[in-house]
Amino acid sequence: MIIDTHVHLQMAAYSTDLTAVLERAANAGIRACIIPGTTLDDSLAAANLAEQYNTGPCTLYAAVGIHPTSAHQLTPAVLKRLEELTHHPRVLAIGEIGLDYYWPNIEERGWQCATPEQQQRAFKEQLDLAARSNLPVIVHDRDAHTDTLNILKDWVSRYQPQRTGTLHAYAGGIELLDQVIEAGFYIGIDGPVTFKKAKELHAVAQAVPLDRLLLETDGPYLTPHPYRGKRNEMAYLTLIAERIADLRGISTVEVTQATSRNAQRLFGIEDTVL
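All of the points below concern the structure found in this document. (Residues numbered from 1 in each chain as written. Predicted model: local features only at pLDDT ≥ 70, side-chain atom pairs only at ≥ 80, totals over all residues. Heavy atoms only, no water.)

Before going further, it helps to spend a moment on the overall build of the chain. Helix and strand counts for the chain come out as 9 helices and 8 strands. What you see for the chain is a C-alpha radius of gyration of 17 Å, in line with the 19 Å of a compact globule of 274 residues. Taken over the C-alpha atoms alone, the chain extends approximately 45 × 40 × 40 Å along its principal axes. For the chain, buried positions account for 57% of its 274 residues. In the chain, the share of contacts with a sequence separation of at least 24, taken over all contacts with a separation of at least 6, comes to 76%. For the chain, the computed accessible surface area is about 11,700 Å², with 49% contributed by carbon and sulfur atoms. (Helix = DSSP H or I, 4+ residues; strand = E, 2+ residues; numbered from the N terminus. Rg over C-alpha atoms; globule rule 2.2 N^0.38 Å. Buried < 20%, exposed > 50% of the residue type's maximum accessible area, 1.4 Å probe, protein only. Contact = heavy atoms within 4.5 Å. Areas by Shrake-Rupley, 256 points an atom, 1.4 Å probe, with all protein chains shown as cover.)

Looking now at the pairing of strand 2 (residues 30-35). The buried fraction of strand 2 is high, at 5 of 6 residues. Here 3 bridges tie strand 1 (residues 2-4) to strand 2, and the two strands are oriented parallel to one another. Residue pairing across strands places Ile2 opposite Ile30, the latter belonging to strand 2. As for the winding sense of the linkage, the β-α-β connection from strand 1 through helix 1 (residues 18-27) to strand 2 is right-handed. With 4 bridges joining them, strand 2 and strand 3 (residues 59-64) adopt parallel strand pairing. (Pairing = 2+ DSSP bridges. Right-handed = clockwise from strand over helix to strand, strands pointing away.)

To continue, consider the pattern of salt bridges. Applying the stated criterion to the full structure yields 10 salt bridges. A salt bridge links Arg231 to Asp17, with the nearest nitrogen and oxygen atoms 2.9 Å apart. Pair noted here: Arg231 is in the loop between strand 8 (213-215) and helix 8 (237-248) and Asp17 is in the loop between strand 1 and helix 1, with a separation of 214 residues, a long-range link. A residue is classified by how much of its surface remains accessible, and Arg231, at 25% relative accessible area, is partly exposed. Put simply, Asp128 and Arg158 hold a salt bridge, and the shortest N to O gap is 3.5 Å. Note that Asp128 is positioned in helix 4 (residues 116-133) and Arg158 in helix 5 (residues 145-159), a separation of 30 residues in sequence. Classification of Arg158 by relative accessible area gives partly exposed; the value is 45%. (Salt bridge = Lys/Arg side-chain N within 4 Å of Asp/Glu carboxyl O.)

Here the focus is unusual backbone geometry. With the exception of glycine, most residues fall at negative phi, and the peptide bonds are largely trans. Geometrically, the link from Gly56 to Pro57 is a cis peptide bond, its omega value of 10 degrees lying close to zero. Position of Pro57 relative to the elements: it lies in the loop between helix 2 (40-52) and strand 3. Note that the residue after Gly95, namely Glu96, is joined by a cis bond; omega there is 25 degrees. Assignment of secondary structure puts Glu96 in strand 4 (residues 91-100). Not every positive phi belongs to a glycine, and Asn134 is a case in point at roughly 55 degrees.

Counted under the stated rule, the structure contains 4 aromatic pairs. Pairing Tyr102 with Trp103 gives two aromatic rings, centres 5.1 Å apart and planes at 80 degrees, and the pair type is edge-to-face. With a centroid separation of 6.3 Å and 40 degrees between ring planes, the pair formed by Trp155 and Phe185 is classed as tilted. Here Trp155 is found in helix 5, whereas its partner Phe185 is found in the loop between helix 6 (173-182) and strand 7 (186-189), with 30 residues between them in sequence. Accessibility expressed as a relative area gives 0% for Trp155, which makes it buried. Relative accessible area serves as the criterion here: at 1%, Phe185 is assigned to the buried category. By the ring-pair criterion, three or more aromatic residues cluster together here, those being Tyr102, Trp103 and Trp111. Over the face of the ring belonging to Trp111 we find Arg109, whose NZ or CZ atom lies 5.7 Å from the ring centre. The ring of Phe195 is capped by Arg228, whose NZ or CZ atom sits 3.7 Å from the centre of that ring. (Phe/Tyr/Trp six-rings, centres within 6.5 Å; stacked < 30°, edge-to-face > 60°. Lys NZ or Arg CZ within 6 Å of the ring centre and 35° of its normal.)

Attention now goes to the nonpolar core. Core analysis: the biggest nonpolar cluster contains 75 residues, and Leu9, Leu82, Val137, Phe185, Ile187, Met234 and Ile244 have the highest contact counts within it. With 6 residues, helix 8 is the largest single contributor of residues to this core. Contacts of Met234, omitting those with residues within four sequence positions, involve Asp4, Val7, Leu9, Val21, Leu22, Ala25, Ile30, Cys33, Cys58 and Thr217. With 14 residues, the next largest nonpolar core counts Ala63, Ile138, Ala263 and Phe267 among its residues. (Core = buried A, V, L, I, M, F, W, Y, C linked by side-chain atoms within 4.5 Å.)

Time to look at the sheet that holds strand 7. Strand order in the open sheet formed by 8 strands is 1-2-3-4-5-6-7-8, with parallel pairing between adjacent strands. The sheet is open, and its two borders are formed by strand 1 and strand 8, each paired with just one other strand. Averaged over all adjacent pairs, the angle separating strand axes in this sheet is 30 degrees, with direction ignored. (Axes fitted to C-alpha atoms, helices over the stretch in contact; angles between N-to-C directions.)

Take Thr166: it is sitting in strand 6 (residues 165-167). Ignoring any residue separated from it by four or fewer positions in sequence, one finds Thr166 in contact with Val137, Ile138, Val139, Phe185, Tyr186, Ile187, Gly188, Leu214, Leu266 and Phe267.

Purely spatial values, then, with no claim about function.
Here you go:
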């Protein structure tokens with residue numbers, strides 16, 4: 001029984017064969033998935049999908065939020081709408097929120113990207129929303145490790161939230177791992193852990209406490225070996241679990257059972273799903 005804590009099923013990459021994707025996931029032992037939002041429309045789509053597929057064999061849940069690269073879209077009206085969505089019965093987290101300092105420096109990207117200042121404002125406002133709503137957060141952190149961690153530490157010190165959140169596709173390295181764990185957060189590990197050259201991520205997978213580990217695909221992105229370069233999907237989560245188990249010298253069942261318990265604890269996923 002496995003839970004994928006981060007997959008973008010509302011994206012066009014799954015528009016033609018979502019039912020088949022869910023069937024393959026269920027056949028691989030995936031019992032639940034969390035669909036994070038990246039814009040308001042994306043969050044609405046995530047909630048609608050989760051409502052549509054609210055029972056097994058692969059049950060869907062949603063998170064709502066504005067991705068850091070779209071942080072300039074977080075107007076007071078959008079924030080109010082996100083707060084309304086937190087009352088949706090299938091919404092169990094705020095995300096995908098955070099900081100991304102990579103894209104603002106890519107001049108040829110061809111699309112509007114929020115500045116670091118806009119990102120920090122939106123991040124803090126959505127963390128406040130999570131505290132008001134008593135929901136955990138799904139955090140995106142790309143090339144912004146220090147600022148991300150400092151903002152999260154401040155949030156924890158001010159609110160003492162019962163459920164903190166996860167650093168999605170963790171990239172802070174072994175150096176920051178202890179601080180992230182001490183602040184009360186979970187670590188999401190994705191397909192790159194299966195890459196031979198991902199030595200730093202291998203070290204993280206070995207060092208993170210088993211009770212703070214989460215499995216995620218980030219589909220359609222970050223596809224694990226041997227499917228690298230193709231669309232990612234939830235059925236491949238078993239490859240990630242197997243690689244982590246191998247790195248830690250434990251069984252794959254130990255990894256899947258522990259990570260499923262962790263996901264249930266953090267996100268409040270009911271026992272009946274598993």
